[in-house]
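# Report on the structure
Letter by letter, the chains look like this.
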Amino acid sequence: MMTQPPSSQFWLTCPFGERATQVFLGVLFAALLIVTVLHVAVPQGSPLHVNAYTVNLFGKYLSYALLAVAVDLVWGYLGILSLGHGAFFAIGGYAMGMYLMRQIGDRGTYGHPVLPDFMVFLNWDSLPWYWQGFDMAWFAFAMVLLAPGLLALVFGFLAFRSRVTGVYLSIITQALTFALMLAFFRNEMGFGGNNGLTDFRELLGFNLRSNDTRLGLFLATGVALALGYILCRAIVTSKLGRVCVATRDAEARTRFIGYRVERFQLFVFVVSAMLAGLAGALYVPQVGIINPSEFSPLFSIEIVLWVALGGRATLYGAVIGAMLVNYAKTVFTGVMPDAWLFALGAMFVLVTVLLPKGVAGLLQKQRRKKTPTITKEATA
């Protein structure tokens, strides 16, 4: 049961009083510190040394974790099963990729000072209007948030005003990302077609192939995850969050007592999309490529599996699920690449049957078992 925070307390600071938030942030920053020390201070020949590839891989996991938190915000607390959040992730990634491509300049294969290599190859005469401004970092970083946020605002306004809910809304979100995937595959769109955007060189003047830059991106992604988690916890523990949970559990009753629930839904949906876009922007410089496959409906479904495995409506459970599934994916695709999808399906079935509330639900159950024992001992 959620308790109302004191009126004198600023809403963004409310999560810091929660034990779950304190533990999550403590574990996250401890992990960031340990990886940094093992990478920087431990010699390369030591078995404890964390190499640059592993740091890069952990950074990728953290960006996926932020994406999972964004999905859990709308699915766990609004009851909106979005099968299209991969689109917001990809749009944020493309915004970052466009900035990174503009930073290449005349160092590309064809040496053109303005046009990216793929545009020169396709005989483009000039830069499209929607590429203008992406040579400036502030503009590109703003578009990382504004582009997916604007798409979510338009889509959400039309969907929520029409009171599209349940499986119908899920299908529409999946259709959205599928349509965008088909559009971005076209060379005429000016986003690199099926090859996407790649061959990035530097970010804010820092060489992306440098180990120090990779470590910096890893730490930046960890900080972004912490801030995204705090923002989401602040939302769900506020009055806004309580209205969202009421809408999830009984939308008709919430409307009956006077709330314009579509406004609450739209606001949270837009915030979630912007967080997904930020995750995509942090993902791209670490993996070195962004292409239309990120729009794939299968990827959006996979995100939902991360949240289901970790435990929805907990936020930290989404982080656990994203980490576990993607680590398993790394292992399985290396050992048995053809068996990965079967393993993913088996994992989802087992979680649905044995852990309906996910890993977070199992942890909460274990904690509840220990609490009565501690209370009895204290009473005695």
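Residues numbered from 1 in each chain as written. Predicted model: local features only at pLDDT ≥ 70, side-chain atom pairs only at ≥ 80, totals over all residues. Heavy atoms only, no water.

### Observations regarding the packing of aromatic side chains
Enumeration over the complete set of coordinates arrives at 24 aromatic pairs. Centroid distance Tyr259 to Phe264: 5.9 Å. Interplanar angle 75°. Geometry classified as edge-to-face. Members of the aromatic cluster, joined through ring pairs, are Tyr94, Trp129, Tyr130, Phe184, Phe191 and Phe295. (Phe/Tyr/Trp six-rings, centres within 6.5 Å; stacked < 30°, edge-to-face > 60°.)

### Here we look at the environment of Phe267
In this structure, Phe267 sits in helix H10 (residues 261-287). Separated by 115 residues in the primary sequence, Phe267 and Ala152 have C-alpha atoms spaced 9.4 Å apart. (Helix = DSSP H or I, 4+ residues; strand = E, 2+ residues; numbered from the N terminus.)

### As for a nonpolar patch on the surface
Nonpolar side chains collect at one region of the surface, where Leu150, Leu153, Val154, Phe157 and Leu158 lie side by side and expose about 460 Å² of accessible area between them. Considering the arrangement of structural elements, one finds Leu150 in helix H5 (residues 137-161). (Patch = residues over 30% accessible without salt bridge, like charges linked within 9 Å, V, L, I, M, F, W, Y side chains within 5 Å. Areas by Shrake-Rupley, 256 points an atom, 1.4 Å probe, with all protein chains shown as cover. Salt bridge = Lys/Arg side-chain N within 4 Å of Asp/Glu carboxyl O.)

### Side note on the environment of Asn51
In this fold, Asn51 is placed in the loop between helix H1 (19-40) and helix H2 (52-78). The exposure class of Asn51 is partly exposed, given its relative accessible area of 35%. For the pair Asn51 and Leu38, spaced 13 residues apart in sequence, the C-alpha separation works out to 8.5 Å. Among the polar contacts made by the side chain of Asn51, one reaches the main-chain amide nitrogen of Tyr53 at a distance of 3.3 Å. (Buried < 20%, exposed > 50% of the residue type's maximum accessible area, 1.4 Å probe, protein only. Polar contact = N/O pair within 3.5 Å; in protein donor to acceptor, adjacent residues only side chain to side chain.)

### Observations concerning the state of the cysteines
With the rule as written, the count across this model stands at zero disulfides. As a non-bridged cysteine, Cys232 has Cys244 as the owner of its nearest cysteine sulfur, 11 Å distant. (Disulfide = S-S within 2.5 Å.)

### Quick word on the pattern of salt bridges
A complete count under the given rule lists eleven salt bridges for this structure. The residue Glu18 makes a salt bridge to Arg233 at a minimum N-O spacing of 2.7 Å. On the criterion of sequence distance, the pair formed by Glu18 in the segment before H1 and Arg233 in helix H7 (residues 211-236) is long-range, its members being 215 residues apart. Measuring nitrogen to oxygen at the nearest pair gives 3.0 Å for the salt bridge that ties Arg255 to Glu251. Highlighted residues: Arg255 and Glu251, both in helix H9 (residues 251-256), separated by four residues, approximately one helical turn. Residue Arg255 shares its accessibility class with Glu251, and that shared class is buried. Salt bridges linked by common partners bring Glu251, Arg255, Arg260 and Glu262 together as one network.

### So, the layout of surface pockets
By volume, the largest pocket amounts to about 710 Å³. Those elements giving two or more residues to the lining of the largest pocket turn out to be H1, H2, H7, helix H12 (316-335) and helix H14 (358-379). (1 Å grid on protein atoms, 1.4 Å probe; cavity = no way out; pocket = protein on both sides within 12 Å on 5 of 7 lines; lining within 4 Å. Points joined across faces, edges and corners; volume = space filled by probe spheres on them.)

### So, the UniProt feature "transmembrane region" (unreviewed entry) in the chain
Within the UniProt annotation, "transmembrane region" (unreviewed entry) is assigned to residues 20-41, 84-101, 137-160, 167-185, 215-232, 264-283, 303-327 and 339-363. Secondary structure over residues 20-41 splits into 95% helix and 0% strand, and the C-alpha atoms at its two ends are 31 Å apart. (UniProt positions renumbered as here; feature names shortened; annotations may be inferred.)

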